[in-house]
Amino acid sequence: DRTVMSKRCGHNRGINDRVVILGRRAAPALFTLYSAYMGGGFPDNRTSNSEEFVMAAANHSKTPLVLKTASFEVIPESNGMWVDTANGRSMCMVELYWCGGNVSEYGLRFCK
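Here the structure is a predicted model, which means the values were calculated and not measured. Every chain begins its residue count from 1, and numbering advances along the sequence as written. For this predicted model, a pLDDT threshold of at least 70 governs which residues receive local features, and a threshold of 80 or more governs which side-chain atom pairs are given and counted, while totals over whole chains, interfaces and linings are taken from all residues. To obtain the side-chain values, all non-hydrogen atoms of the structure were used and water was disregarded.

A. Region of interest: the packing of aromatic side chains. Here is the rule: rings of Phe, Tyr and Trp (six-membered ring for Trp) pair when centre to centre is within 6.5 Å. Planes less than 30 degrees apart are stacked, more than 60 are edge-to-face, and the remainder are tilted. Following the criterion strictly, the structure yields four aromatic pairs and no others. An angle of 75 degrees between the planes, with centres 5.3 Å apart, marks the rings of Phe-72 and Tyr-106 as edge-to-face. Separated by 34 residues along the polypeptide, Phe-72 in the loop between β3 (66-70) and β4 (80-85) and Tyr-106 in the segment after β5 (88-93) bring together distant segments of the chain. Whether a residue is buried, partly exposed or exposed follows from its accessible area with a 1.4 Å probe, protein chains only, as a fraction of its type maximum: under 20%, in between, or over 50%, in that order. Judged by relative accessible area, Phe-72 falls into the buried class, the value being 10%. Tyr-106 gets classed as partly exposed once you look at its relative accessible area, which sits at 36%. Summarising the aromatic geometry, the rings of Trp-98 and Phe-110 are spaced 6.2 Å apart at their centres and angled 80 degrees between planes, so their arrangement reads as edge-to-face. Of this pair, Trp-98 sits in the segment after β5 while Phe-110 is found in the segment after β5, placing the two residues twelve residues apart along the sequence. Note on Phe-110: relative accessible area 22%, which makes it partly exposed. Within the aromatic cluster, the residues linked to one another by ring pairs are Phe-72, Trp-98, Tyr-106 and Phe-110. In this description a helix means any DSSP run of H or I spanning at least four residues, a strand means any run of E spanning at least two, and both kinds are numbered starting from the N terminus.

B. Representation of the state of the cysteines within the structure. Criterion for a disulfide: a pair of cysteine sulfur atoms at a distance within 2.5 Å. The tally for this structure, following the rule as stated, stands at two disulfides. A sulfur-sulfur separation of 2.0 Å characterises the disulfide bridge that pairs Cys-9 with Cys-99. Handedness of the Cys-9-Cys-99 disulfide follows from its S-S torsion of about -45 degrees: it is left-handed. Of the two residues, Cys-9 sits in the loop between β1 (3-7) and β2 (20-22) while Cys-99 sits in the segment after β5, which places them 90 residues apart along the sequence.

C. Molecular detail of the side chain of Asn-49. Inspection of the secondary structure assignment puts Asn-49 in the loop between α2 (33-39) and α3 (50-59). Within polar-contact distance, the side chain of Asn-49 engages the backbone oxygen of Asn-12 at 3.4 Å. Contact partners of Asn-49, with chain neighbours within four places excluded, come to Asn-12 and Arg-13. Within 3.5 Å is the distance limit for a polar contact, defined as a pair of N or O atoms, with the added protein rule that one can donate a hydrogen and the other accept it, and that residues adjacent in sequence qualify only through two side-chain atoms. Should any heavy atoms of two residues lie within 4.5 Å, those residues are considered in contact.

D. Region of the structure containing the sheet that holds β2. Any two strands between which DSSP finds at least two bridges are classified as paired. Strand order across the open sheet formed by three strands is β2-β1-β3, with mixed pairing between neighbours. One side of each edge strand has no neighbouring strand; the edge strands of this open sheet are β2 and β3. Each strand of the sheet is rotated relative to its neighbour by a mean of 20 degrees, with strand direction disregarded. Two elements, β1 and β2, share three bridges in a ladder whose sense is antiparallel. Helix axes use the C-alpha atoms of the stretch in contact, all axes being lines fitted to C-alpha atoms, and the angles between their N-to-C directions lie in the range 0 to 180 degrees.

Take a look at the structure:
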């Protein structure tokens, strides 16, 4: 109920903000991040990236949150893009953000 679960990789000293699974009581703390950032209502904005900002918000929540990370098998998400090839359009994955093991096991490839 108070759990915040994010990907185990790409956290940059904070909470990976690409995909987050939230419990019902954790949601109010993190679904207001845009307003907190833009409105200046956040008590500690000495962060250097979005992942640190999300972590600071979780740490300053009125409801104590339970922070967990999950493997690629639990949260199978990564950055990819469609590219045109001689055989038509196909999906390739951005290697910098990949943390799912052998990319070919999923029938995918890295972008060149």
